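Structural overview
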Amino acid sequence: MEEFTFSIDGKKVSGRPGQTIMEAADEAGIYIPRLCSHKKTGPHGSCRICMVIVNGRPQAACIQPAAKGINVENNTEFLLEIRRALFDMLFIEGNHYCMFCEKSGECELQALGYRLGVLASQFPFIYPKRDVDASHRNVFIEHNRCILCARCVHASKDIDKKEVFGFVNRGRHKKLAVNKRDGAAGTNLDRHDMAVRVCPVGTLMPKHAGYRVPIGRRVYDKLVIGHEIESSAKAEKQGENE
Ligand code: SF4
Ligand code: FES
């Protein structure tokens, strides 16, 4: 298929028909922040952290197709402020206590907060009352940390072929649910399921594996989120060719 070019923050980027702006940016080594989108499960278009400005209009980069000649703004002060606000809304509507969380250092929400330079919340905390489902032999479901990204919903359905997860209720009461009345214990969820592995936060956590990698030595303790995209081989190659 014929490639075309467009620009992201003034840099010339290649795209192919059918690619989203995020996919083309990834290949070019340009990181666009994301939370609901994941390479294994595809985009969900719900968190809006990936918002970019395309020819002057806001669009979600994970679902917006790349197109010839478009002008995309990604790394600007304006978008940084918007992403900080979106991040903050996700953070304050759950109960995230990073210092007690087993996912600390591997949590995409926490890592994104660091990357965006969020030092303190700009909105008041809601402190919702949410429960923990520890009924399953091998997997915890810690609802306090869920950001409703739907990665697990898609992974369970499309990759694990189980449909363990879905959402119930609406608005502020929207909640992750499993497909059995008596909780996770009644499901065929497995600790190795893709649904568990793609959770960006500490909601779906395998049991009996706590702190195998000590705090301080985890991926985002050492590297900024998005490093794997920005340091990709193709990005380096493209740089050499410029
Ligand atoms: S449990 Fe994890 S993957 Fe599933 S919706 Fe919540 S945050 Fe997303
Ligand atoms: S990553 Fe695009 S909307 Fe969530």
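Report on the accompanying structure.

About the cut-offs
Residues numbered from 1 in each chain as written. Chains lettered and ligands numbered in written order. Predicted model: local features only at pLDDT ≥ 70, side-chain atom pairs only at ≥ 80, totals over all residues. Pairing = 2+ DSSP bridges. Helix = DSSP H or I, 4+ residues; strand = E, 2+ residues; numbered from the N terminus. Buried ≥ 20, exposed ≤ 12 C-beta atoms within 10 Å, placed from the backbone. Contact = placed C-beta atoms within 7 Å. Near = placed C-beta within 6 Å. Nonpolar A, V, L, I, M, F, W, Y, C, P; charged D, E, K, R; others polar. Core = buried A, V, L, I, M, F, W, Y, C linked by C-beta atoms within 7 Å. Domains from an automatic or database assignment. Axes fitted to C-alpha atoms, helices over the stretch in contact; angles between N-to-C directions.

**What about the pairing of strand β1 (residues 4-8)?**
As defined by bridge partners, β1 adjoins strand β2 (residues 11-15) across five bridges and the pair is classed as antiparallel. The residue bridging Ser7 from the neighbouring strand is Lys12, located in β2. The turn linking β1 back onto β2 is made up of two residues, and Asp9 within it adopts a positive phi angle of 50°. Of the strand pairs in this sheet, β1 and strand β5 (residues 71-73) are connected by two bridges, and their pairing is parallel. Among the inter-strand pairings, Ser7 is bridged to a residue of β5, identified as Asn71.

**Quick word on helix α4 (residues 151-159)**
In an α-helix, one full turn covers 3.6 residues, which means residues spaced three or four apart are oriented alike. Taken as a whole, α4 has its buried residues at Arg151, Cys152, Val153, His154, Ala155 and Ser156. In the stretch just after α4, Lys161 is the one whose phi turns positive, near 60°.

**Observations concerning helix α3 (residues 108-116)**
Taken together, the buried positions of α3 are Glu108, Leu109, Gln110, Ala111, Leu112 and Gly113. Against α2 (77-92) and α6 (219-222) lie the buried residues of α3. Two residues or fewer after α3 comes Gly117, characterised by a positive phi angle close to 75°.

**Observations concerning the site of ligand 1**
As a matter of local geometry, ligand 1 sits amid 13 residues, with Cys146, Cys149, Cys152, Cys199 and Thr203 nearest to it. When the residues that make up the shell around ligand 1 are grouped by side-chain class, the tally is eleven nonpolar, one polar and one charged.

**Structural notes on unusual backbone geometry**
A positive phi angle, close to 65°, is found at Arg48, a residue other than glycine. Along the polypeptide, Arg48 turns up in the loop between α1 (21-27) and β3 (51-54). Of note in the backbone geometry, Lys161 takes a positive phi value of approximately 60° without being a glycine. For Lys161, a count of 8 C-beta atoms within 10 Å corresponds to the exposed category.

**Considering the nonpolar core**
Formed by 54 residues in total, the largest nonpolar core has its most connected members in Ala25, Cys50, Ala61 and Ala195. A total of four residues in this core trace back to one element, the largest contributor, which is α1. Taken domain by domain, the makeup of this core includes at least three residues from each of domain 1 (4-84 + 225-241) and domain 2 (96-222).

**Notes on the sheet that holds β3**
Taken together, the five strands give an open sheet; going across it, the order is β2-β1-β5-β3-β4, and neighbouring strands pair in mixed fashion. At either margin of the open sheet sits one strand with a lone partner, and together these are β2 and β4 (57-60). This sheet shows a mean twist of 40° between the axes of neighbouring strands, independent of strand direction.

**Describing the sheet that holds strand β6 (residues 132-133)**
Two pairing modes exist for strands in a sheet, parallel and antiparallel, and in both the strands are linked by backbone hydrogen bonds. Strand order in the open sheet formed by three strands is β6-β7-β10, with antiparallel pairing between adjacent strands. Across the chains shown, the open sheet's two edge strands, defined by having one partner strand only, are β6 and β10 (204-206). By the bridge criterion, three bridges tie strand β7 (residues 139-142) to β10 in an arrangement that is antiparallel. Residue pairing for β10: Phe140 is matched across the bridge by Met205.

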